[in-house]
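So you can see what is in the structure, the chains are spelled out below.
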Amino acid sequence: MIDPHQSPLGLLGSGQLGQMLIQSAKNHGYQVHVFDPAFQHSPCSLETSLHTEASFSDAEKVIAFSKQVSAVTYEFENIPLETAALVEKHSVLRPSSKVLETAQ
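Let me begin by describing the structure that accompanies this report. (Residues numbered from 1 in each chain as written. Predicted model: local features only at pLDDT ≥ 70, side-chain atom pairs only at ≥ 80, totals over all residues. Heavy atoms only, no water.)

Now for unusual backbone geometry. With an omega dihedral of -10°, the bond running from arginine 94 to proline 95 counts as a cis peptide bond. Position of proline 95 relative to the elements: it lies in the loop between helix H3 (81–90) and helix H4 (97–103). (Helix = DSSP H or I, 4+ residues; strand = E, 2+ residues; numbered from the N terminus.)

One finds Leu12, Phe35, Val72 and Tyr74 to be the most contacted residues of the largest nonpolar core, which totals 15 residues. If one sorts the elements of this core by residue count, H3 sits on top with 3 residues. Ranked by size, the runner-up nonpolar core spans 7 residues in total, among them Ala25, Val32, Phe39 and Cys44. (Core = buried A, V, L, I, M, F, W, Y, C linked by side-chain atoms within 4.5 Å. Buried < 20%, exposed > 50% of the residue type's maximum accessible area, 1.4 Å probe, protein only.)

Now for H3. Among all positions in H3, only Thr83, Ala84, Leu86 and Val87 are buried. End-on view of H3: buried residues confined to an arc of 165°, all on one side of the axis. Of the residues in H3, the exposed ones pointing more than 90 degrees away from the buried face are Glu82 and Lys89. As for H3, its buried residues are in contact with strand E1 (9–12), helix H2 (59–68), strand E4 (72–74) and H4. (Arc of directions from axis to C-beta. Contact = heavy atoms within 4.5 Å.)

Strand order in the open sheet made by the 4 strands is E3-E2-E1-E4, with parallel pairing throughout. Two strands bound the open sheet, and with one partner strand each, they are strand E3 (51–52) and E4. Relative to strand E2 (residues 32–35), E1 runs parallel, the two sharing 4 bridges. Considered in E2, the bridge of glycine 10 is made with histidine 33. Strands E1, E2 and E4 of the sheet are contacted by helix H1 (residues 16–27), whose axis makes an angle of about 165° with E2. (Pairing = 2+ DSSP bridges. Axes fitted to C-alpha atoms, helices over the stretch in contact; angles between N-to-C directions.)

A separate point is the pattern of salt bridges. Inspection of the entire model under this criterion finds 2 salt bridges. Close ionic contact of glutamate 101 with lysine 98 constitutes a salt bridge, the shortest N to O distance being 3.9 Å. Taken together, the positions of glutamate 101 and lysine 98, both in helix H4 and 3 residues apart, correspond to about one turn of that helix. By relative accessible area, which is 42% here, glutamate 101 ends up partly exposed. Using a relative accessible area of 58% as the deciding quantity, one classes lysine 98 as exposed. (Salt bridge = Lys/Arg side-chain N within 4 Å of Asp/Glu carboxyl O.)

You can see serine 45 is positioned in the loop between E2 and E3. Separated by 30 residues in sequence, serine 45 and glycine 15 place their C-alpha atoms 9.2 Å apart. Residues contacting serine 45, with those up to four places away along its chain left out, are Phe39 and Gln40.

Here's what the structure looks like:
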C-alpha cells in the first residue's frame, strides 16, 4: 500500500465538498489529487494543483490516476459505477463500489 504522507489521496469529483475535504486534508499534512472532467473550473482547483482532467469513462486515465494515489474517495455520489469499479482494481476505494451501487 502507498503511504498517504508520501503519495496523495485521490478524489473523484471537484465540487464544494471536495474543496472542503482538500482544506481539511492539507491541515493534516496530506495532499489530494483530484480526478474530474471539469477540474479547471471547479472549487477544488482553488485548493490543489494535483489533478487529472479527463472523462470518468477514460479507462486509461482512471487507471493511471488510481496507481498514483494512496486511496480514493468520492466528492459526490454520481460517479459512474464502472469508474468506481475500475479504481477499486488499482487502489483502495472508500466507500466501496458496492456502497456506491446501493446509494445510486
